[in-house]
Amino acid sequence: DSACDTPFWNVTTWVTTNSHIYNAGTGSVGIGTSTPTGTLDVVAGAATSFLNVKGFGDAFNYSALALGNTINTRTWTLLNRKIAGETDNFVLEQFDGATYTPRIIMTPTGNMGLGVFSPSERLDVGGNLRFSGSLMPGGNAGLPGQILQSNGAGFPTWVTPTAPTTTNWSLT
């Protein structure tokens, strides 16, 4: 139905015939599909597809996808951001109606911060860490009763403490 085709610019003129953008008349828009199943439904005509969102500007340059609702002002924003000293960080931040708070940051070098604005390690956690399962440095879970000993910058190793002869413990 050409009445539902959304006009698009083909570099010369506005065209509605064989449009790749379709307005279903129900509040849903399809790009690459004439039967959108969501508010915005994008279907690529190839095995690989990309949705490009790019910001343009000066030192405050970012592109983002914000997810929220109309009930309150809280939103989550997924963005690529380069703001005053940052280097194209990938950020997940929360907006509470007044303040944007970065929750997860990944740097171009692969460092990830949880609650840390400028992560300096592969995983940099600001706050408590809770986990279940084994602690496995170098793929080794150790044996029952062993404790983890630091080796400086190298992998820590599991060691078996010797029983105390007084009140002091020793490692062998």
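Shown above is the structure to which this text applies.
Residues numbered from 1 in each chain as written. Predicted model: local features only at pLDDT ≥ 70, side-chain atom pairs only at ≥ 80, totals over all residues. Heavy atoms only, no water.

I'd like to hear about the overall build of the protein, residue by residue, with values.
Scanning the protein for helices and strands turns up 0 helices and 15 strands. Relative to its 172 residues, the protein shows a buried fraction of 18%. Of the contacts formed within the protein by residues at least 6 apart in sequence, a portion of 4% connects residues at least 24 apart. Surface exposure of the protein reaches about 12,900 Å², of which carbon and sulfur atoms provide 57%. (Helix = DSSP H or I, 4+ residues; strand = E, 2+ residues; numbered from the N terminus. Buried < 20%, exposed > 50% of the residue type's maximum accessible area, 1.4 Å probe, protein only. Contact = heavy atoms within 4.5 Å. Areas by Shrake-Rupley, 256 points an atom, 1.4 Å probe, with all protein chains shown as cover.)

Got a sec to walk through the pairing of strand E9 (residues 100-106)? Specific residues and values, please.
The pairing of strand E8 (residues 89-95) with E9 spans 6 bridges and is classified as antiparallel. When the sheet's bridge partners are listed, Glu 93 is paired in E9 with Pro 102. What sits between the antiparallel neighbours E8 and E9 is a turn of 4 residues, in which Gly 97 has the positive phi angle 105°. (Pairing = 2+ DSSP bridges.)

So, the side chain of Glu 93: which residues are in play, and what are the values?
Secondary-structure assignment places Glu 93 in strand E8. Note on Glu 93: relative accessible area 6%, which makes it buried. Those residues in contact with Glu 93 that sit more than four places away from it in its chain are Thr 75, Trp 76, Thr 77, Leu 79, Arg 81, Tyr 100, Thr 101, Pro 102 and Arg 103.

Break down the sheet that holds strand E5 (residues 40-42) for me, citing the residues and quoting the values.
Across the sheet, 3 strands lie side by side as E3-E4-E5; this open sheet has mixed pairing. Every other strand in the sheet has two partners, leaving strand E3 (21-23) and E5 as the edge strands with one partner each. Each strand axis lies, on average, 15° off the axis of its neighbour in the sheet, ignoring direction. (Axes fitted to C-alpha atoms, helices over the stretch in contact; angles between N-to-C directions.)

Give a detailed account of the environment of Thr 107, specifying residues and quantitative values.
In this structure, Thr 107 sits in the loop between E9 and strand E10 (112-114). In this view, Thr 107 contacts Asn 89 and Pro 119; residues no more than four positions away in its chain are not counted. Engagement of the side chain of Thr 107 in a polar contact is seen with the side chain of Thr 109, the distance being 2.8 Å. (Polar contact = N/O pair within 3.5 Å; in protein donor to acceptor, adjacent residues only side chain to side chain.)

Can you break down the environment of Met 136 residue by residue, with the values?
The residue Met 136 is located in the loop between strand E11 (123-125) and strand E12 (147-149) in this model. Between the alpha carbons of Met 136 and Trp 158 there is a distance of 9.8 Å; along the sequence they are 22 residues apart.

Take it as geometry only, folks, not as evidence of what the structure does.
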